[in-house]
Amino acid sequence: MAVKDYLRERFFPHIWCAGCGHGIVLNSLIRAVEKLGMSKNEIVMVSGIGCSSRISGYVDFHTLHTIHGRALAFATGVKMSKPELNVIVPMGDGDALAIGGNHFIHAARRNIDITAIVMNNRIYGMTGGQYSPLSGYGTLATTAPYKNIDQSFDTVQLATAAGATFVARTTTYHVQQLTDLIRRAILHEGFSVLEVMTQCPTYFGRKNKLGGAVEMMKYMQKATTPIGSKAKQKNPELIERGVFVEKEQPEYCSEYEKIIQRAMASGS
Amino acid sequence: MAKPKLKEHRINREWCKGCGICVAFCPKNVLELDEKDKAVAVRPEDCIACRLCELRCPDLAIEIIVEDEHGIENKIRSGQ
Ligand SMILES: Cc1ncc(C[n+]2csc(CCOP(=O)(O)OP(=O)(O)O)c2C)c(N)n1
Ligand code: SF4
Ligand code: SF4
Ligand code: SF4
Ligand SMILES: [Mg+2]
């Protein structure tokens, strides 16, 4: 199917600012789904609230646009009732790891077969540039005019420690890797977390004087390196891209099905 | 497989927001923004149909159309 067949064209041009990385995630996501050859009816996209969460309005899958931080709770309900469907949850860094942090770690711990795409622009874009748990020490935000003193989470380490069975990271500059990792995250059976470093030129970029979308993407190109590269050994500051975790473990809905079978067998 | 040959850059001027991402990262310097801040292919003869502009456009506003060996219009699918 052509790219446009996966879109709700009536809502375009979309609402995101010029150069917003969220559009690149949408672009790559559609290409990943196209490569997988999935039908639109096999996919449910569930999102919370934020600029990132608006992605669910633009794709012609089954979609739910729910409440801030709670997308994974809704997604868990959908997946438990219809385990044959592929459930994808695009999330903002605030949505996933501030207000939604608890849902995030527990979905990971259960290893429910959901694909979480954390669109990390290091800021609350939708509400005007407040700092998020991923802004990082020393950055500027509307709510940190004298610099942020909060340390940030490392999404990959957090997801890994919480039990996610597929954990990966890339950026909106690396679009071929982005498409490939979304495809692999969807294919993986269990809770998959893909962190996408992305640009919010309007708030994070402007507040921190990082230039426009192009400069921010050049920065992500320079600041990252493939996992285990020589460059990383020389410069430990570099952020690694690639697949950090990919393992098999009992999946939540399959385990729940076994409970049903056990209960049916014993009940009389 | 033969290299894809460019037929046209299909740029949706209604959707393009003039962010300049396609212009900045085109390896062959094919694209520019016009006076209305819309992307245009000013040197189409240099295009290698790598589709990086199409893949990186946040507004899904640019499509690379290539000709297949029979000269029939064919939009390349994603992937190499
Ligand atoms: C329960 C609740 N609390 C707060 C808000 C206000 N709010 C809307 S979006 C948002 C944060 C958006 O940041 P992020 O999740 O990083 O998404 P982005 O806009 O950056 O893509 C907040 C705090 C809300 N809508 N609901
Ligand atoms: S405010 Fe930031 S995150 Fe929101 S659409 Fe604009 S650039 Fe994107
Ligand atoms: S990347 Fe897309 S939106 Fe940005 S200038 Fe090019 S065609 Fe326009
Ligand atoms: S297909 Fe490649 S070479 Fe051609 S305009 Fe796009 S980025 Fe440039
Ligand atoms: Mg954000």
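Please refer to the structure placed before this passage.
Residues numbered from 1 in each chain as written. Chains lettered and ligands numbered in written order. Predicted model: local features only at pLDDT ≥ 70, side-chain atom pairs only at ≥ 80, totals over all residues. Heavy atoms only, no water.

Draft legend 1. Seen up close, the overall build of chain A. Scanning chain A from terminus to terminus reveals 11 helices and eight strands. Radius of gyration (C-alpha) of chain A: 18 Å, near the 18 Å computed for a compact globule of 268 residues. With the C-alpha coordinates aligned to their principal axes, the bounding extent of chain A is approximately 70 × 45 × 35 Å. Residues counted as buried form 53% of the 268 residues belonging to chain A. Taking contacts inside chain A between residues at least 6 apart in sequence as the whole, the part at least 24 apart equals 67%. Roughly 11800 Å² of accessible area belongs to chain A as shown, and the carbon and sulfur atoms make up 54% of that amount. Computing the positive centroid from 29 side-chain charges and the negative centroid from 22, chain A places the two 7 Å apart. (Helix = DSSP H or I, 4+ residues; strand = E, 2+ residues; numbered from the N terminus. Rg over C-alpha atoms; globule rule 2.2 N^0.38 Å. Buried < 20%, exposed > 50% of the residue type's maximum accessible area, 1.4 Å probe, protein only. Contact = heavy atoms within 4.5 Å. Areas by Shrake-Rupley, 256 points an atom, 1.4 Å probe, with all protein chains shown as cover. Lys, Arg positive; Asp, Glu negative; His and termini not counted. Charge placed at Lys NZ, Arg CZ, Asp CG, Glu CD.)

Draft legend 2. Molecular detail of the overall build of chain B. Of the regular secondary structure elements, chain B holds two helices and five strands. Ordered by position in the sequence, the α and β elements of chain B form the string β-α-β-β-α-β-β. The burial tally for chain B puts 45% of its 80 residues in the buried class. At a minimum sequence separation of 6, the contacts of chain B that also span at least 24 residues come to 48%.

Draft legend 3. Region of the structure containing the coordination of the magnesium ion (ligand 5). Residues and elements named next belong to chain A. For the magnesium ion (ligand 5), the full set of protein donor atoms is Asp93 (OD), Asn121 (OD1) and Ile123 (O), and the range of their distances to it is 2.0 to 2.1 Å. Mapping the donors of the magnesium ion (ligand 5) onto the primary sequence yields the spacing D-x27-N-x1-I. One end of the pair, Asp93, is in helix H4 (residues 93–97); the other, Asn121, is in the loop between strand S4 (114–120) and helix H6 (155–162), and 28 residues separate them in sequence. The burial state of Asp93 is the same as that of Asn121; both residues are buried. (Donors = N, O, S within 2.8 Å, 3.2 Å for Na, K, Ca; no water.)

Draft legend 4. Main features of the packing of aromatic side chains. All names here are of chain A. Under the definition given, this model contains six aromatic pairs over all chains. Geometrically, the ring pair formed by Tyr6 and Phe61 is edge-to-face, given 6.4 Å between the ring centres and 70° between the ring planes. In this pair, Tyr6 sits in the segment before helix H1 (21–36) while Phe61 sits in the loop between helix H2 (55–58) and strand S2 (62–65), placing the two residues 55 residues apart along the sequence. The same class applies to Tyr6 as to Phe61, namely buried. Here Trp16 and Tyr58 contribute two aromatic rings whose centre-to-centre distance is 5.2 Å and whose plane-to-plane angle is 65°, an arrangement assigned as edge-to-face. With Trp16 in the segment before H1 and Tyr58 in helix H2, the pair connects residues that are 42 residues apart, well separated along the chain. (Phe/Tyr/Trp six-rings, centres within 6.5 Å; stacked < 30°, edge-to-face > 60°.)

Draft legend 5. Representation of the interface of chain A and chain B in the model. Contacts between chain A and chain B engage 31 residues on the former and 23 residues on the latter. With both chains or domains summed, chain A and chain B bury close to 2300 Å², and 62% of this area falls on carbon and sulfur atoms. One salt bridge connects B:Glu54 with A:Arg31, and the closest N-O pair in it is separated by 3.0 Å. If you look at where chain A meets chain B, you find nine residue pairs in polar contact (both at pLDDT 80 or more). Here the side of chain A that touches chain B takes seven residues from H1(A), the largest share from any one element. (Buried area = accessible area lost by both parts, 1.4 Å probe. Salt bridge = Lys/Arg side-chain N within 4 Å of Asp/Glu carboxyl O. Polar contact = N/O pair within 3.5 Å; in protein donor to acceptor, adjacent residues only side chain to side chain.)

Draft legend 6. Spotlight on the site of ligand 3. By nearness alone, every residue bordering ligand 3 is listed as B:Cys16, B:Lys17, B:Gly18, B:Cys19, B:Gly20, B:Cys22, B:Leu33, B:Ala39, B:Cys57, B:Pro58 and B:Asp59. Taken together, the residues that form the shell around ligand 3 break down as seven nonpolar, two polar and two charged. (Near = heavy atom within 4 Å. Nonpolar A, V, L, I, M, F, W, Y, C, P; charged D, E, K, R; others polar.)

Draft legend 7. Looking closely at the site of ligand 4. For ligand 4, the full set of nearby residues is B:His9, B:Cys26, B:Pro27, B:Val30, B:Leu31, B:Cys47, B:Ile48, B:Ala49, B:Cys50, B:Arg51, B:Cys53 and B:Ile64. Partitioned by chemical class, the residues of the shell around ligand 4 number 10 nonpolar, one polar and one charged.

Draft legend 8. Expanded view of the environment of A:Glu237. Position of A:Glu237 among the secondary structure elements: in the loop between helix H10 (230–234) and strand S8 (239–246). For the pair A:Glu237 and A:Lys218, spaced 19 residues apart in sequence, the C-alpha to C-alpha distance is 16 Å.

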